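A closer look at the structure
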Amino acid sequence: MNGFLIYVAKRFGQLVFVVVTGVTLAFLIAHFSPVDPVEQTLSLVTSFGATDPRSVEILRQSLRELYGTEGSLIEQYFLFWGRVLRGDFGPSLSAFPTPVMTIIGRALPWTIGLLTLATLIAWVVGNTLGAIAGYFRNSRAMKVVGLFVMALQPIPTYISGLTLLIIFGFLWPVLPISGGAQLNLEPGMTWAYISSVIQYGTLPALTLVLVGIGGWFISMRSLVSNIVTDDHVVYAELGGVPSRTVFSQYVARNAMLPQVTGLALSLGNVFGGAVIVEFIFNYPGIGKLMVAGIYAGDYSLVLGVTTFSVIAVAVAVFLIDITYPLIDPRVKLG
Amino acid sequence: MFKVLRDLLRYNREFLFGSLLIAIILAVVVASYFAPYDEMMTYAVIPDMPPGSEYWLGTNSRGQDMFWQLAASMRNTLIFGIVVALISRVIAIAVGLISGYVGGKTDQAIMAFNDTLGALPNIPILLLLVFVLRDQMTWPVLALTAALLGWTHDSRLIRSVALSLRTREFTRHAAFSGMRTTQILLREHLPYVMPIVFFTTMNNLIWAIGLEVTLSILGFSDINRPTIGGMIYWANAHSAMVAGIWWWIAVPMVAVVMLFIGLFLLAMSVNEYIDPRSRLARMGA
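Note that the coordinates shown come from a computational prediction; the quantities given were computed from them, not determined experimentally.

Re the interface of chain B and chain A
Opposite the 34 residues of chain B that make contact, chain A presents 45 residues. Buried area between chain B and chain A, both sides added, is near 3500 Å², and the carbon and sulfur share of it is 85%. Linking chain B to chain A there are 0 salt bridges. If you look at where chain B meets chain A, you find 1 residue pair in polar contact (both at pLDDT 80 or more). Contributing elements (two or more residues each) for the side of chain B that touches chain A: α4 (104-119), α5 (122-133), α9 (181-217), α11 (240-243) and α12 (246-274) of chain B. For the side of chain B that touches chain A, a count of residues per class yields 28 nonpolar, 3 polar and 3 charged.

Thoughts on the confidence of the model for chain A
Overall, the predicted model of chain A reaches an average pLDDT of 82, with 92% of residues at or above 70. Within chain A, helix α14 (residues 324-327) of chain A has the poorest average pLDDT of any element, 70, and helix α5 (residues 100-135) of chain A the best, 90.

Observations regarding the pattern of salt bridges
Residues and elements named next belong to chain B. Following the criterion strictly, the structure yields 4 salt bridges over all chains and no others. Notably, a salt bridge pairs R159 with D107, separated by 2.7 Å at the nearest N-O pair. You can see R159 sitting in helix α7 (residues 152-166) and its partner D107 sitting in helix α4, a full 52 residues away along the chain. With respect to burial, R159 and D107 carry one shared label: buried.

Focus: the environment of F260 of chain B
Note that F260 of chain B resides in helix α12. The spacing of F260 of chain B and V95 of chain B is 165 residues in sequence and 28 Å in space, taken between C-alpha atoms. Apart from the residues within four sequence positions on either side, F260 of chain B is in contact with P154, P156 and Y158 of chain A together with I206, I209 and G210 of chain B.

A look at the side chain of S269 of chain B
Residue and element names in this part refer to chain B. Here S269 shows up in helix α12. The class for S269 is buried, based on a relative accessible area of 1%. Here the side chain of S269 touches L265 through a polar contact of 2.8 Å, landing on its backbone oxygen. A distance of 3.1 Å separates a polar side-chain atom of S269 from the backbone oxygen of L266.

Overview of helix α4 (residues 73-86) of chain A
All names here are of chain A. Between its first and last C-alpha, α4 extends 20 Å over 14 residues, near the 20 Å set by a 1.5 Å rise per residue. What α4 keeps buried is the set Q76, Y77, F80, W81, R83 and V84. Buried residues of α4, seen end-on, are gathered within an arc of 165 degrees and therefore sit on one face of the element. For α4, exposure combined with an orientation more than 90 degrees from the buried face picks out I74, F78, L85 and R86. One or two steps after α4, the chain reaches G87, where phi turns positive at roughly 70 degrees.

What to know about the packing of aromatic side chains
Going through the model one piece at a time under the given rule, you end up with 13 aromatic pairs over all chains. Considering the side-chain rings of Y295 of chain A and F220 of chain B, the 5.4 Å spacing of their centres and the 50 degrees angle between planes classify their relative orientation as tilted. Note that Y295 of chain A is positioned in helix α12 (residues 286-296) and F220 of chain B in the loop between α9 and α10 (228-237), a pairing that runs across two chains. Assessed through its relative accessible area of 9%, F220 of chain B is described here as buried. Geometrically, the ring pair formed by F67 of chain B and W68 of chain B is edge-to-face, given 5.0 Å between the ring centres and 80 degrees between the ring planes. The ring of W234 of chain B carries the charged tip of R62 of chain B above its face, separated from the ring centre by 3.8 Å. For the cation-ring pair, R75 of chain B lies above Y33 of chain B, with the distance from its terminal atom to the ring centre recorded as 5.2 Å.

Scoring rules and cut-offs
- Residues numbered from 1 in each chain as written.
- Chains lettered and ligands numbered in written order.
- Predicted model: local features only at pLDDT ≥ 70, side-chain atom pairs only at ≥ 80, totals over all residues.
- Heavy atoms only, no water.
- Contact = heavy atoms within 4.5 Å.
- Buried area = accessible area lost by both parts, 1.4 Å probe.
- Salt bridge = Lys/Arg side-chain N within 4 Å of Asp/Glu carboxyl O.
- Polar contact = N/O pair within 3.5 Å; in protein donor to acceptor, adjacent residues only side chain to side chain.
- Helix = DSSP H or I, 4+ residues; strand = E, 2+ residues; numbered from the N terminus.
- Nonpolar A, V, L, I, M, F, W, Y, C, P; charged D, E, K, R; others polar.
- pLDDT = per-residue confidence, 0-100.
- Buried < 20%, exposed > 50% of the residue type's maximum accessible area, 1.4 Å probe, protein only.
- Expected span 1.5 Å × (residues − 1).
- Arc of directions from axis to C-beta.
- Phe/Tyr/Trp six-rings, centres within 6.5 Å; stacked < 30°, edge-to-face > 60°.
- Lys NZ or Arg CZ within 6 Å of the ring centre and 35° of its normal.

Okay, structure coming up:
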C-alpha cells in the first residue's frame, strides 16, 4: 500500500505541474490578445443607441472588474488564478450576460457522451479484430479486414466525416447531418428525445469510430502475434487446451494490459473535444463552442473553454491513472 | 542505403505502393512550378467546368483550374508539414539524446517538462493562439507553434534508446578516448536512433498536415494562400455539394487521402523493416 501512496503522490505532483503550466500558457497567450474584451462589450452595448458618456465610463469600470483586466501583469495573473479556482470565467460576450461556465456546462454532456461512446466502441471493435487477426495470422479473411482497417486509419477525421456527410446527407439522405437532437422536442427522458439523440449522434460517432479503430487494431495485432509464440501458449496448445480457451485466457488477456492504459489516456482526452467532427456535423459540444467563440470574437468564451479543457483533460488522466494499480499489481510494489 | 531501398521495393509490397503514391504527389508538386497562371488569381478560367479533356480535374466557382490549384495547394501543404517535421525533429533528437545520455536528475527534470508539454491538449491551445493572433497568424508562425507542440512523444522514444546506448561499451570507449559529449551524441549515438527518427518523421508529417488542414477547413489560416484545407474551406463556403460541383470537394479529398495513405505505408513498412522479428517473418523464416 505504501508503494501505491508514493505512486499517487508522484502523479498528483505531475497533475499540479501540468495544470499550472497550462493555465499560465493560456493566460499569457490571452494577455497579448489585440482583442480587449471590455471595449468590445462596450461597443456591443452602445451600438443599440446613444448612451450617456458618464454611464459608459461607469460601465467600463465595472466591466474591467468583471473581466479582471485591471492592474499589473502579476496582479492580473493572480486574479486569473482566483477565477480559475472558483470556476468563474466571466460572462460570455456573444451571449451576454450568460456566464461562460453555464455555456460550457450546457455543451459538456454532448461532447462527453459522444466521445466516450465513440472511444469505447472503437476500442472494443479495434481490439477484438486485432486480437483475432494476430491469432489467426494466416487467415485470408483477416488479412482483408486488416488491409481495410489500416487503410482507414491514416485518413484524417475531416475526410471521413465529410465523406459520411456526403453519402448519408446528399446521396442517400437517411440520417440527420446537423445538430444534436431534433429541435422541436423537449429535452428529457422520453423515448422520442432519446432516439432522436441517437439518430443525430450516429454519423459523428461513426466518423470517430472509423478513424479510431485502426490504431487499436494495429497495436493489438502486433501484441498478440508476439504472445502467440510465447512458451506458455505453445505449451498450452501442445497440451491440448481448446483453442478457444488459449485465445481468450492465454493470449488476449495478456495483451489487454497496455491497451487498457491506452484506453485510459484517450478517455481523458475526451474533454479536449473533437473540434472537426463537431464542426462538420454542427454538434453542440465543446469543440463547436470553441469554434463559434472564435468566429464571434468572444474573448471570455474562448479563454474559458481552453482553460477548462486543459484542466479537465489533466484531471481525468490523473483519476484514471490512479486506478491503474488495480489492473496491474506491479505498480503497487513500486 | 541503396541496397536497403532495393530490398524494400522488392520484398515489401506496402513500401512499393506507398512510394508510388508519394511519387505521384511529388510529380504534382513539381508541376506546380510550371503553372500557366498565378495560383492566387481568381476567374482565370471558365468557372464550374466538369472534369474533361480541357480541364483535367474541372474548374471551381472561383474560376480556378482545379489541377493547378491542387498542385499549388499540395506544394504549400507539404512545405508546411516538412517545416514542422524538421523543426520538431531537431528538438526531439536534441532533447532525447541529451536526456538519455546525461541521465540522473537532469534526465528526470527534462522528462517532467517533456511529459507536461505532452499532456496539454494541442487543439484548444492552438485555437486560442489563432484567436489571439488573428491576421498575424501566418503559416510560418503556425508551423513554429505546431513544431513546438509536436515533439514530446518522439523525444521520449529517442531517449529510451539513448538510455540503453549510454551503458554500452563503445560509449565508454569514446568517452575515455577524449571525445566531447556533443561528438559522442552526434557521431556515436545519432546513427542508432536514425531509424526511429525516420519512422516518427512520417507520423509527425501526417500529424502536422492534419493540423494545417483542420485549421484551414475552419478558416483559421490565410485563406487566400492555396492549401488542401483551404480548397475544402472554399468548396464549403460556396456550398459546392449543394451546387452539384462535386469535383471541387472530391479533388482535395482524394489527394489528401493518397498523401496520408502513402506516408502511412512508408512509415509502417520502414518500421517493420527496423524490427528484425517481423523482417524475418516476412522473408519466410
